[in-house]
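One-letter residues, chain by chain:
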Amino acid sequence: QVQLVESGGGLVQPGGSLRLSCVASGKIFSISNMDWFRQTPGNERELVATITKDGYTLYTESVKGRFTISGDYALNAVYLQMNSLKPEDTAVYYCGVRAQSQSGDLYENYWGQGTQVTVSS
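Rules behind the numbers
- Residues numbered from 1 in each chain as written.
- Predicted model: local features only at pLDDT ≥ 70, side-chain atom pairs only at ≥ 80, totals over all residues.
- Heavy atoms only, no water.
- Pairing = 2+ DSSP bridges.
- Helix = DSSP H or I, 4+ residues; strand = E, 2+ residues; numbered from the N terminus.
- Axes fitted to C-alpha atoms, helices over the stretch in contact; angles between N-to-C directions.
- Buried < 20%, exposed > 50% of the residue type's maximum accessible area, 1.4 Å probe, protein only.
- Contact = heavy atoms within 4.5 Å.
- Salt bridge = Lys/Arg side-chain N within 4 Å of Asp/Glu carboxyl O.

Student: Honestly, the sheet that holds strand β8 (residues 77-82) in this entry has me stumped. Any pointers?
Tutor: Whether parallel or antiparallel, the strands of a sheet pair through hydrogen bonds between backbone atoms. Strands sit in the order β1-β3-β8-β7 across an open sheet of four strands; the sheet is antiparallel. Strand pairing shows two members of the sheet lacking a second neighbour, β1 (2-7) and β7 (67-72), which therefore form its edges. Across the sheet, the axes of successive neighbouring strands diverge by a mean angle of 15°, strand direction being ignored. Relative to β8, β7 is paired through six bridges, and the arrangement is antiparallel.

Below, the structure written as structure tokens:
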């Protein structure tokens, strides 16, 4: 099994910054990509950013230029630097990885427990 632990959420004023961290542990042979999602009550989980092992990144339009995803595949860690935060960024943020537990296994998706980010004055 693979476990993910997130940290770094909290309350911040509009225009402020936060840095989210997530570390994956457990039986991990390979990770193909690491992601950050967010979810607000009554809405589906939204992909915020993704980073592949090759360093390719992808962002949802609303966070481009403000958020930066980075990853350390040697440490199985992924980060999300969030700048110029807006009230509409308020959500529970989840990290996710697509991982293979051993060679030859199928890749599966794993999720963290989520961390609350609240942007409010």
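Now that the structure is up, let's keep going.
Student: Help me understand the pairing of strand β11 (residues 115-119) in this model?
Tutor: Regular strands place their side chains on alternate faces of the sheet. Where burial is concerned, the two faces of β11 differ: the one with Thr115, Val117 and Val119 is buried and the one with Gln116 and Thr118 is not. Where strand β2 (residues 10-12) and β11 come together, three bridges link them in parallel fashion. Its bridge partner lying in β11, Gly10 is registered against Val117. Taken together, the three bridges between strand β9 (residues 91-100) and β11 define a ladder with antiparallel strand orientation. Residue Ala91 lies in a different strand from β11, and its bridge partner there is Val117.

Student: Explain unusual backbone geometry here, please?
Tutor: Negative phi values dominate among residues other than glycine, just as trans dominates among peptide bonds. Of note in this structure, Asn76 is not a glycine but carries a positive phi near 55°. One can find Asn76 in the loop between β7 and β8. Overall, Asn76 belongs to the buried group, its relative accessible area being 18%.

Student: How should I be thinking about the side chain of Asp89 in this particular structure?
Tutor: You can see Asp89 is positioned in the loop between β8 and β9. Sequence-distant contacts of Asp89, defined by excluding residues within four places in its chain, comprise Arg38, Arg66, Phe67, Ser84, Val117 and Val119.

Student: Mind showing me how you'd approach the pattern of salt bridges here?
Tutor: Where charged atoms of side chains with opposite charge meet at close range, the side chains can pair. Taken as a whole, this structure holds four salt bridges when the rule is applied. Notably, a salt bridge pairs Arg38 with Glu46, separated by 2.8 Å at the nearest N-O pair. For Arg38, a relative accessible area of 7% corresponds to the buried category. A salt bridge links Arg66 to Asp89; its shortest N-O distance comes to 2.8 Å. One end of the pair, Arg66, is in the loop between β6 (57-59) and β7; the other, Asp89, is in the loop between β8 and β9, and 23 residues separate them in sequence.

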